[in-house]
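# Architecture at a glance
Here is what each chain is made of, one letter per residue.
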Amino acid sequence: MSNRPALRARRVQFTLPTGTRKHYAGDDLVMSHFLAILSAAFPEGEDFFIRSVRNYRDQITDPELQQAVKGFIAQEATHRQQHRLLNDRLQEMGYPTARFDRHVAWLLAKLEKVFSTEMALAGTAALEHYTATLAELLLTDDEMLDLLDRSDVRQLLLWHAFEECEHKAVAFDVFQAVGGTERTRVRAMRIATAIFLAEVVFQTLRSMARDRASYNPRRLLRSLNDFRKSPLLRAETRRRIADYIRPGFHPDDWDSTEVLDRWSKELFDADGNQLVQAR
Ligand SMILES: [Fe+2]
Ligand SMILES: [Fe+2]
């Protein structure tokens, strides 16, 4: 069992992009579309995570894990709310977040019919490894932090990243506690990876195709090249993602104590309330 922090949902409020700058992620074309697509996937995705974990709630006997599940559900529900607010604004700014939101709902409903609840839980644990990896990258990598500094979604993404990091082992521990096997875990990771990557790549390109700025060849090539070299696609990041299929892997093998410590001071006061942000 992991030595996890006590989880709770924090009350938060964020300044949304004003809409005056279409490419709100540091004026970067690809990154702005990529983050919009991720954000659009979150509300239905996190709803699916909640359902998948909730299915097994009654089978958990460890009180510490029961508490963690409660915190996990509360946190994901707040993420869903906040990303919906952001997605509405992104839609006004010309990003197809509403259409993709409906597509994710449709896709997940289909997958839930095809796969067992055990696979859904394993898939949740696998996707939580993606969010935790992305979260730690945002919270620790200088290039990603610089991008956030130049973006209009800094506070929201930092807060979400922080809580993803905080609860990264919960779905995984539930899966193990209810007897999930290594074979199912690894299989779910392979399936989740194929679907998640295909969707993100295809939908990002589709979103970009609707943006006039994408038809400026110099701008497009420069932005694609920057994205290719970004920390998201680094060999180290790919290795960390792939570590999930190692036999005996546990999310806490990647220690987040230091990163959580540092950011809890920056983002929240001693009672865990959001600090008023100057930007
Ligand atoms: Fe989340
Ligand atoms: Fe999560």
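Procedures and definitions
Within any chain, residue numbers begin from 1 and follow the written order of that chain's sequence. Here the convention is simple: chains get letters from A, ligands get numbers from 1, in the order in which they are written. Only residues with pLDDT of at least 70 get local features here, since the model is predicted, and only at 80 or more are side-chain atom pairs given and counted; chain-wide, interface and lining totals rely on the full set of residues. Side-chain descriptors were evaluated using all non-hydrogen atoms of the structure, hydrogens and water having been removed beforehand. By convention in these notes, a salt bridge is any Lys or Arg side-chain nitrogen within 4 Å of a carboxyl oxygen on Asp or Glu. Strands are runs of DSSP state E lasting at least two residues, helices are runs of H or I lasting at least four, and both sets are numbered from the N terminus onward. When a residue's accessible area, from a 1.4 Å probe over protein chains only, is under 20% of the maximum for its type it is buried; when over 50% it is exposed; and in between it is partly exposed. Contacts: residue pairs with any heavy atoms within 4.5 Å of one another. In protein, a polar contact means a hydrogen-donor-capable atom and an acceptor-capable atom, both N or O and within 3.5 Å, with residues adjacent in sequence counting only if both atoms are side-chain atoms; elsewhere, any N or O pair within 3.5 Å suffices. A donor here means any N, O or S atom no more than 2.8 Å from the metal (3.2 Å for Na, K and Ca); water is not included, so a site may seem to lack partners. Only two sets of limits are used to name each site, 85 to 135 degrees for every angle of a tetrahedral four-donor site, and over 155 degrees for opposite donors with all other angles from 65 to 115 for a square planar four-donor or octahedral six-donor site, with any other site named irregular. A pocket here means an open set of points on a 1 Å grid, computed over the protein atoms alone, that has protein on both sides within 12 Å along at least five of seven lines. A cavity is instead a set of points where a 1.4 Å probe fits but cannot get out; residues with an atom within 4 Å of a point line either one. Grid points are joined across faces, edges and corners, and a volume is the space filled by probe spheres set on the points.

An unreviewed UniProt entry lists the chain under the name Metal-dependent hydrolase, with Mycobacterium celatum as the source organism.

Counting across every chain of the model gives 19 salt bridges. Residues Arg84 and Glu44 are paired through a salt bridge, measuring 3.3 Å at the closest nitrogen-oxygen approach. Highlighted residues: Arg84 in helix α2 (residues 63-92) and Glu44 in helix α1 (residues 29-54), separated in sequence by 40 residues. Of the residues examined, Glu44 reaches a relative accessible area of 17% and is grouped as buried. A salt bridge links Arg80 to Asp47; the shortest N-O distance between them is 2.1 Å. Here Asp47 lies in helix α1 and Arg80 lies in helix α2, a separation of 33 residues in the sequence. Connected through salt bridges with shared partners, the residues Asp47, Arg51, Arg80 and Glu112 form a single ionic network.

Following the sequence through the fold, Thr140 ends up in helix α4 (residues 117-140). Separated by 119 residues in the primary sequence, Thr140 and Val259 have C-alpha atoms spaced 7.3 Å apart. Excluding residues that lie within four positions of it along the chain, Thr140 makes contacts with Leu145, Val259 and Arg262. Of note is the side chain of Thr140, whose polar atom sits 2.5 Å from the backbone oxygen of Glu136.

Glancing now at the coordination of the iron ion (ligand 2). Here the iron ion (ligand 2) is held by the protein donor atoms Glu76 (OE), Glu128 (OE), Glu128 (OE), Glu164 (OE), Glu164 (OE) and His167 (NE2), which lie 2.1 to 2.7 Å from it. The site at the iron ion (ligand 2) holds six donor atoms, and with the angles between them running 53 to 151 degrees, its shape is irregular. Taken in sequence order, the residues that donate to the iron ion (ligand 2) follow the motif E-x51-E-x35-E-x2-H. In this structure, the iron ion (ligand 2) is positioned 3.8 Å from the iron ion (ligand 1), and both are ligated by Glu76. The pair Glu164 / His167 is uniform in exposure class, with both members buried.

The next thing to look at is the layout of surface pockets. The method is simple in principle: a probe with the dimensions of a water molecule rolls over the atoms, and the space it marks as empty is what remains. By volume, the largest pocket is sized at about 1,200 Å³. Lining the largest pocket are 45 residues; nearest its centre among them are Leu127, Tyr130, Phe196, Leu197 and Val200. For the lining of the largest pocket, the elements supplying multiple residues, two or more each, are α1, α3 (97-114), α4, α8 (182-209), α9 (217-228) and α10 (235-242). Broken down by element, the residue count for the lining of the largest pocket peaks at 13 residues, all from α8.

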